[in-house]
Amino acid sequence: MYRMRLKEKITEALLQLSAIFSVLITVAILYVLISESYFFFSRVSFFEFITATEWTPLFTQKSYGILPLVTGTVLTSFIAMLVALPIGLTIAIYLNVYASPGFKKVIKPVIEVLAAVPTVVYGYFALMIVTPFLQGFIPGLSGFNSLSPGIVMGIMIIPMISSLSEDALHAVPQNLREASYGMGATRFQTAFRVLVPAASSGIIVSIILAVSRAVGETMIVAIAAGQQPRFTFNPFVPIETMTTYIVKVSLGDVVHGSLEYQTIFAAGITLFVLTFAMNIISFYLKRKFQEKYE
Amino acid sequence: MEKLFSLNHLKDKAFLITGVISTFFGLVVLAIFLANIMIEGIPRLSLDFFTSLPSRRAENAGILIPLIGTIWIMVLTSLMVIPFGVAAAVYLEEYGAKNKLASFVEINITNLAGVPSIIFGLLALELFVRFLGLGKSLMAGSLTLSLLVLPIIITSTREALKAVPRTIREASYGLGATKLQTIQMQVLPSAAGGIVTGIILAISRAIGETAPLIVIGAMLYITSPPTSPMDDFSTMPIQIFNWLSRPQKGFIVNATAGIVVLLSITFVLNGIAIYLRNRWQKQVKW
């Protein structure tokens, strides 16, 4: 009996350690990003980093303004959201309000296949199929641009918005829906005046998570958006995102400990702070939403 | 009144049509992409393509090394991440339901799941490649991907455990089983289908990853397949990226053929996962 008790205790401790291990990963990420960026910011002024509009750490004429990389990331993510948001939300509402439960059950995992395709493959699509196709309409479109990878990335994140928003709509109590139909409202009116407002925080969570995903996306933009940091919102010219810059430096021979090496951690911590803020906001919104209906 | 009535119905119908179009939009675009890939890539697939080493000449180059690398990554990552992920999920779901630690761990896992994969690459570059001195080895690569997919496995395992009804646990306690026995003999077997589905999806995600492996320096010219976890390696996505970044048409064709192989692996894994999930849901009617 005593041995059994001991075994129970030891197992529980081991399981607990595994759970704590995941916290150590976050601690390690923070430590690595902060310590390397600390060296970076001891050599480059923080003010220059966030205000200068040129990013040329690998050139002889060096400038360390992160803004061109930030605009690159914002531009591609914005284009992706222009595609994913209307389509994803329409799918969520259609599946929840109009489609039969049987159809919904089949089609939801099928749409999720869009998110299972490796991103390097989407990069190929953007570079080799979508860009040449768009060049047929937009004569000035450069071979590398933010429009094409933005659109392709949008297609990739459709399921994030459609599935999570559909879950949120699904969680709205049935009696709200029935009350609306009982008042003679159409499905369209019920969807937009009752269900969407009731599920709004869940829908916002899905949108924030999709933006966070787009901001962190690497391969599609690294392959198809170019590698030229440019402080612009023009979607037709080559740009560079924060993620692409990290890939570019990783592909070259940069000496460990050099300022060039530390730039990727400075770009990394900027990326981390942006996505971390979005993830935390969505976590608390989601929790609030769950409390409301559970 | 009559007019307003019909306008509302018109909107209703219009949205129905928009909904159907939206639902199939992404899938149709994907289908066009896939058709394009298959037309370009399938003619390049031959036995030689699977058994050849890399080469400066596109027509001689093959995927032997990256394919073996991908298989290694799959096995090593599974071995490392499954025990940790399932154990953490069991703790959170079965033991730590309400304590502070569990809720902190939960916020942390949600956040980790949203950290961009390239950040895991930066972590791995400092921690595995330099600090632990693993270099650009398979071991460093699979550790990186293990950390990346750990939150996915924890989350899906928790979902599967959550689906096991209380009554099964209580019946087990009622028969005098301890907590550990209940988990081992009742809860885990009941949740197995869901757990395995989550694991397969996570591994499929891991083998499709490129960015973190590039950051740890895995894009190298390797001339022989890895034979131990400490060897340098390449994987399918890395090889595809490598070929895509070359100007010659021949390498682009190689990339499409590589994509056909990678997508086949991804879709087979996803297919198995969906099949298992459906069978599990049908079999267990609580």
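Residues numbered from 1 in each chain as written. Chains lettered and ligands numbered in written order. Predicted model: local features only at pLDDT ≥ 70, side-chain atom pairs only at ≥ 80, totals over all residues.

1. A word on the overall build of chain B
Thinking step 1. Broken down by element type, chain B carries eleven helices and zero strands.
Thinking step 2. When the helices and strands of chain B are listed from N to C terminus, the series reads α-α-α-α-α-α-α-α-α-α-α.
Thinking step 3. Across its three principal directions, the C-alpha atoms of chain B cover 70 × 65 × 35 Å.
Thinking step 4. Across the 286 residues of chain B, 47% fall into the buried class.
Thinking step 5. Contacts in chain B between residues far apart in sequence, at least 24 positions, make up 76% of those at least 6 positions apart. (Helix = DSSP H or I, 4+ residues; strand = E, 2+ residues; numbered from the N terminus. Buried ≥ 20, exposed ≤ 12 C-beta atoms within 10 Å, placed from the backbone. Contact = placed C-beta atoms within 7 Å.)

2. As for the nonpolar core
Thinking step 1. Among the nonpolar cores identified, the biggest contains 169 residues, and Tyr124, Val152, Ile157, Ile161 and Ala210 of chain A together with Leu122 and Ala124 of chain B are the most heavily contacted of them.
Thinking step 2. Among the elements that line this core, the one with the most residues is helix H3 (residues 67-98) of chain A, at 16 residues.
Thinking step 3. Taken domain by domain, this core gets at least three of its residues from each of domain 1 (2-43) and domain 2 (67-293) of chain A. (Core = buried A, V, L, I, M, F, W, Y, C linked by C-beta atoms within 7 Å. Domains from an automatic or database assignment.)

3. Section: the interface of chain A and chain B
Thinking step 1. Contact with chain A, which involves 72 residues of that partner, is made by 69 residues of chain B.
Thinking step 2. No other element matches helix H1 (residues 2-43) of chain A, which puts 20 residues into the side of chain A that touches chain B.
Thinking step 3. Class assignment of the residues belonging to the side of chain A that touches chain B gives a composition of 49 nonpolar, 19 polar and four charged. (Nonpolar A, V, L, I, M, F, W, Y, C, P; charged D, E, K, R; others polar.)

4. Points about the packing of helix H5 (residues 119-135) of chain A against helix H10 (residues 236-244) of chain B
Thinking step 1. The interhelical angle for the contact between H5 of chain A and H10 of chain B, taken along N-to-C directions, is 20 degrees, at an axis separation of 9 Å. One element, H5 of chain A, and the other, H10 of chain B, form an angle in the roughly parallel class. At the point where H5 of chain A passes H10 of chain B, the crossing takes the left-handed sense. Residues Val120, Gly123, Tyr124 and Leu127 of chain A of H5 of chain A form the contact with H10 of chain B, whose participating residues are Pro237, Ile240, Phe241 and Leu244 of chain B.
Thinking step 2. Its residues assigned to classes, the contact of H5 of chain A with H10 of chain B comprises seven nonpolar, one polar and no charged. (Axes fitted to C-alpha atoms, helices over the stretch in contact; angles between N-to-C directions. Parallel < 35°, antiparallel > 145°, perpendicular 65-115°, else oblique. Left-handed = near helix turned anticlockwise from the far one by under 90°.)

5. Section: the packing of H5 of chain A against helix H6 (residues 147-170) of chain A
All names here are of chain A.
Thinking step 1. Contact geometry of H5 with H6 gives a least axis separation of 9 Å together with a crossing angle of 125 degrees. As summarised for this structure, H5 and H6 are arranged oblique, according to the angle between their axes. For the element pair H5 and H6, the recorded crossing hand is right-handed. Taken together, the residues of H6 that come into contact with H5 (itself represented by Tyr122, Phe125, Ala126, Val130, Thr131 and Leu134) are Leu147, Ser148, Pro149, Ile151, Val152 and Met156.
Thinking step 2. Grouping the amino acids of the contact of H5 with H6 by side-chain chemistry returns ten nonpolar, two polar and no charged.

6. A short note on the environment of Ile154 of chain B
Thinking step 1. Inspection of the secondary structure puts Ile154 of chain B in helix H6 (residues 138-162).
Thinking step 2. Taking the C-alpha atoms as reference, Ile154 of chain B lies 6.5 Å from Ala88 of chain B; in sequence the two are 66 residues apart.
Thinking step 3. What Ile154 of chain B contacts, discounting residues up to four positions off in sequence, is Ser22 of chain A together with Gly85, Ala88, Ala89 and Ile109 of chain B.

7. Digging into the domain arrangement of chain A
Many descriptions give the size of an interface as the accessible area lost when the pieces come together.
Residue and element names in this part refer to chain A.
Thinking step 1. What the domain assignment lists for chain A is domain 1 (2-43) and domain 2 (67-293).
Thinking step 2. Taking only C-alpha atoms, the centre of domain 1 and the centre of domain 2 are 30 Å apart.
Thinking step 3. Tallying the contact residues gives seven residues for domain 1 and eight residues for domain 2.
Thinking step 4. Counted by class, the side of domain 1 that touches domain 2 contains four nonpolar, one polar and two charged residues.

8. Section: the environment of Leu161 of chain B
Residues and elements named next belong to chain B.
Thinking step 1. Structurally, Leu161 is set in helix H6.
Thinking step 2. For Leu161 and Ser117, which are 44 residues apart along the polypeptide, the C-alpha to C-alpha distance reads 27 Å.
Thinking step 3. For Leu161, the contacting residues outside a window of four places in its chain are Ala89, Val90, Glu93, Glu94, Val187 and Ala191.

9. Remarks on helix H8 (residues 187-198) of chain A
All names here are of chain A.
Thinking step 1. Here H8 has its buried residues at Arg187, Phe188, Thr190, Ala191, Leu195, Val196 and Ala198. Down the axis of H8, the smallest arc covering the buried residues is 145 degrees, so these residues share one side. Opposite the buried face of H8, by more than 90 degrees, sit the exposed residues Arg193 and Pro197. (Arc of directions from axis to C-beta.)

10. Quick look at the environment of Leu276 of chain B
Residues and elements named next belong to chain B.
Thinking step 1. Turning to its location among the elements, Leu276 is positioned in helix H11 (residues 249-283).
Thinking step 2. Of the residues examined, Leu276 has 18 C-beta atoms within 10 Å and is grouped as partly exposed.
Thinking step 3. With 80 residues separating them along the chain, Leu276 and Val196 place their C-alpha atoms 8.0 Å apart.
Thinking step 4. Discounting chain neighbours no more than four positions away, the residues touching Leu276 are Gly193, Val196 and Thr197.

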